[in-house]
Amino acid sequence: MPRIEAADRAPARPTRRGWAALAAVLFLVVTGVLAGQSVRPPAAAPPDAPAAQFSAGRAFAHVRTIAAEPHVAGSAANDAVRDHLLTTLRGLGLSPEVQDTVTTQGARLSSSAGGVGVARVRNVVALWPGTASTGRIFLVAHYDSAQTGPGANDDGAGAAAILEAARALTSGPRLRNDVVFVLTDAEEACLCGAQAFVEQHPLAQQGGVVLNLEARGSSGPAIMFETAADNAGLVGAFARAPAPVGTSFAVEVYRLLPNNTDFTAFRERGFTGLNSAYIDGAAVYHTPVDTPDSMDKDSLQHHGVNVLALTRDLGDRDLPGLRSSGDATYFPVPGALVHYPSSWIWPLAAGALLAVLALAWLARRRGMATAPRLLGAFGLALVPVLAVPALAQLLWITIKFIRPGYAEMPIDPYRPWWYRLAILALAAAVVFAWYALLRRRLGPAALAVAGLGWLALLGLVLAGLAPGGSYLTALPALAGGVAGVAAVLLRGRGRGPLAGWAPALAVTLGAAAGVVVLVPTLLMFFPAMGMNLAAAGAVFAVLLALSLLPVIDLVHPEAGGQRGIAALRARRRGALPALAAAVAIIAFVATGLAVDRFDRTHPAPTHLMYALDADTNQARWLSESSTPSAWTAQYVGGAPSSVADTLPAFGTDELLTGPAQPAALPAPELTTTADTTADDRRTVTLLLVPKRPVRMVTLHVAAQAEVRSATVGGRTVAADRIGGGTWGFGFVFHAPPATGVEVTLTVPAGAPLRLRVMDASDGLSALPGFRPRPADVGVVGSHSSEMLAVAKTYSF
């Protein structure tokens, strides 16, 4: 393809190119900073803030009490937390109750690897009656923690925010609608507290609006990331909150993921509502360092001010009128949350494509690009779109090779910002290099149209597949296309030193739309996906770069017209942005490795379990680690293998194993209390009793006996097989009573009944052969970390 020289001109050609480039870059940087502020949490209010206001200072006192130690469901520590909740709510003049019941996981919630999830739960529920209620508003958070950490953020923050919101609400006049404070139990185990509430509690039977508070980190904005269907009315209310942060694209993504929270049980039961969480600082998630000191109080304030304002707003509304037909598109901008109905999605996406096509037609008509070059640029624009995410993931793999401890961190390292900057620099380096290589051959106009064309095309694709995310590319493409048309029409007008500045201003304003839309998304999705999915953040970075191509052209020498040495110098100057970005990659990675070191307060995570087979009195260490650290390698090694034959509760995942010294631990006891046969059915009632303090017990039936029906703890459960192999039906019972769990099984008459039972507690330090971790070695955030299991087989 022949080169285009002077005949191919950029949409903007200011006479003082350097000053124009500097002005455009500074304007976009300021715009980016302001856009970033739209996803910053508000400053924490002090403990002496006015009584009607939410105060993170006051709420934080509750966090310290709730997160004094790990408090898994069923533990004495969780009992103490529940007592604090009850005392606090009674002190506000409310009459809280404890919903003490047994429940199973919802049918559409993911079961544990060991079979059906069952739990004894003790939810704390308090009603603040309205004056003339049209429905109920449910403020929901869970008060239990994972077994590996005190849970200051997950979900001490949510529980504390609700207590402080309840104080602020009850300090003022009653609202029109009922408000129900629901602090659920056993969320970490199986989401069973929420399931029990929506299935069994009288206050839940007529549905309502649920506002659920969660955390998957220690800092960052409280993002409203999930809604019920037909959310337009609620999103409108959320937009009036003091600091609304959220994106409808997150709703689309979350609907595709297998993740669940307490909100899932409410949503599946027909409630409407909003689900919010802060998610940055995810390295502490479920770990021993999820302490009150790890919490950013600004994030706690963000949770609280929004839930308090929303409750007051919804509390005086006609709640049935909130239901709307269709979802809203919404996203943050400086000072507001933009939201519009789903009926706008396709017109905006189509308008974006038309604007870009108009720019392409105009560029061709004005001799700035030819059809072959436009098509060639469009095809070659796929190079950075595909290369940047792939190279970003490769960069993170390389960093993990340099620092193997990162392999055990499922989301992010402790200090991820330097690595995130490296991903941004990588996107810039690739796009700058791609642009410099093709600019003189294809021309700036063709490349700008190509970048905007892909954004417009993606806007149409997203409109069909993930409507709430279409705005991410459709709006920058629409703004860029319109600005490009304006720049071309204004080009050549004006005289004097500012000649050509109007087109430069037009393309800069068009690029600013991409900055406003995509910078907040970058800031939300980097922590959402984490460095382990670095490619996800890189996608948004390259989309942002495509929207900036008309401005990127300003930082390059003017295309065309140079010969000889002048052309060589122009090429060298054109390579400088890519070279600078490449140097930045190295600098950011090096700084990240230097700054983010493992130490006493940021320990390297490790995973270890212990299992004793009471049948043979043999024990072994187990680990889920894919790349065991030097400390973990003391206990396990060799190739991973399945332990499902002897430990069916662990599922079919392959684990590293190693021999261990048997500890003097009693096995769970299984006895029959009734055994009858009628026709071709045998019904056996069993009592499964743990003989030591444990957080769960499991039972699995050998596959030879087909379980036709089952009742566990008085609740009927699905009698499904957990998979192929030795074992068929099974269940995991969380927070079992010390008196045991009653189980009734119906099997074919005459079938041999062999059962494998297991109980599990937490903590390995008292076991023979265990060597304490060094100060800079910690525990990975996993529901099986530090598990101590004892298993035994019974036949009846």
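Refer to the structure presented above.
These numbers come from a predicted model, not from an experiment.

Each value, and the rule that gives it
- Residues numbered from 1 in each chain as written.
- Predicted model: local features only at pLDDT ≥ 70, side-chain atom pairs only at ≥ 80, totals over all residues.
- Heavy atoms only, no water.
- Helix = DSSP H or I, 4+ residues; strand = E, 2+ residues; numbered from the N terminus.
- Rg over C-alpha atoms; globule rule 2.2 N^0.38 Å.
- Buried < 20%, exposed > 50% of the residue type's maximum accessible area, 1.4 Å probe, protein only.
- Contact = heavy atoms within 4.5 Å.
- Areas by Shrake-Rupley, 256 points an atom, 1.4 Å probe, with all protein chains shown as cover.
- Lys, Arg positive; Asp, Glu negative; His and termini not counted.
- Charge placed at Lys NZ, Arg CZ, Asp CG, Glu CD.
- Phe/Tyr/Trp six-rings, centres within 6.5 Å; stacked < 30°, edge-to-face > 60°.
- Axes fitted to C-alpha atoms, helices over the stretch in contact; angles between N-to-C directions.
- Parallel < 35°, antiparallel > 145°, perpendicular 65-115°, else oblique.
- Left-handed = near helix turned anticlockwise from the far one by under 90°.
- Nonpolar A, V, L, I, M, F, W, Y, C, P; charged D, E, K, R; others polar.
- Pairing = 2+ DSSP bridges.

Draft legend 1. A look at the overall build of the protein chain. Looking only at helices and strands, one finds 20 helices and 24 strands in the protein chain. On C-alpha atoms alone, the protein chain measures out to a radius of gyration of 30 Å, which is about the 28 Å that the 2.2 N^0.38 rule sets for 796 residues. Per-residue burial over the protein chain gives 58% buried out of 796 residues. Counting contacts in the protein chain only where the partners sit at least 6 residues apart, residues at least 24 apart contribute 81% of the total. Here the protein chain has roughly 29,900 Å² of accessible surface; of this, 61% comes from carbon and sulfur atoms. Computing the positive centroid from 61 side-chain charges and the negative centroid from 55, the protein chain places the two 16 Å apart.

Draft legend 2. Structural context of the packing of aromatic side chains. Counted by the stated rule, this structure contains 27 aromatic pairs. Taking the centre distance of 5.3 Å and the plane angle of 15° together, the rings of Trp 396 and Tyr 406 count as stacked. With Trp 396 in helix α13 (residues 382-402) and Tyr 406 in the loop between α13 and α14 (417-442), the pair connects residues that are 10 residues apart, well separated along the chain. Take Trp 396: its relative accessible area is 2%, and that puts it in the buried class. Among the aromatic residues, those joined into a ring-pair cluster are Trp 396, Tyr 406, Tyr 414, Tyr 419 and Phe 598.

Draft legend 3. Representation of the packing of helix α11 (residues 345-365) against helix α16 (residues 471-490). Here α11 crosses α16 at 30°, and the two axes come no closer than 8 Å. Judged by the angle between their axes, α11 and α16 are roughly parallel. Considering the relative orientation of α11 and α16, their crossing is left-handed. Two secondary-structure elements touch here, α11 through Leu 348, Ala 349, Gly 351, Ala 352, Ala 355, Val 356, Ala 358, Leu 359 and Leu 362 and α16 through Ala 474, Leu 475, Ala 477, Leu 478, Gly 481, Val 482, Gly 484, Val 485, Val 488 and Leu 489. Taken together, the residues of the contact of α11 with α16 break down into 16 nonpolar, three polar and no charged.

Draft legend 4. Local environment of unusual backbone geometry. At the junction of Asp 154 and Asp 155, the peptide bond is cis and its omega measures out at 0° in the coordinates. Even without a glycine there, the phi angle at Ala 186 is positive, about 60°. Take Ala 186: it is sitting in the loop between β4 (178-184) and α5 (187-190).

Draft legend 5. The environment of Phe 266, seen in detail. Locating Phe 266 in the fold gives a position in helix α9 (residues 262-268). A relative accessible area of 0% places Phe 266 in the buried class. For the pair Phe 266 and Ala 575, spaced 309 residues apart in the sequence, the C-alpha separation amounts to 55 Å. Discounting residues that sit within four places of it in the chain, Phe 266 has contacts with Val 140, Ala 194, Phe 197, Val 198, Val 210 and Phe 271.

Draft legend 6. Quick peek at the pairing of strand β12 (residues 618-623). Taken together, the five bridges between strand β11 (residues 609-613) and β12 define a ladder with antiparallel strand orientation. Bridge pairing links Ala 611 to Arg 620 in β12. Where β11 folds back onto β12 in an antiparallel hairpin, the turn is made up of four residues, including Asn 617, whose phi is positive at roughly 60°. Here five bridges tie β12 to strand β14 (residues 654-660), and the two strands are oriented antiparallel to one another. By the bridge assignment, Arg 620 is partnered in β14 with Pro 659.

Keep in mind these values describe shape, not function.
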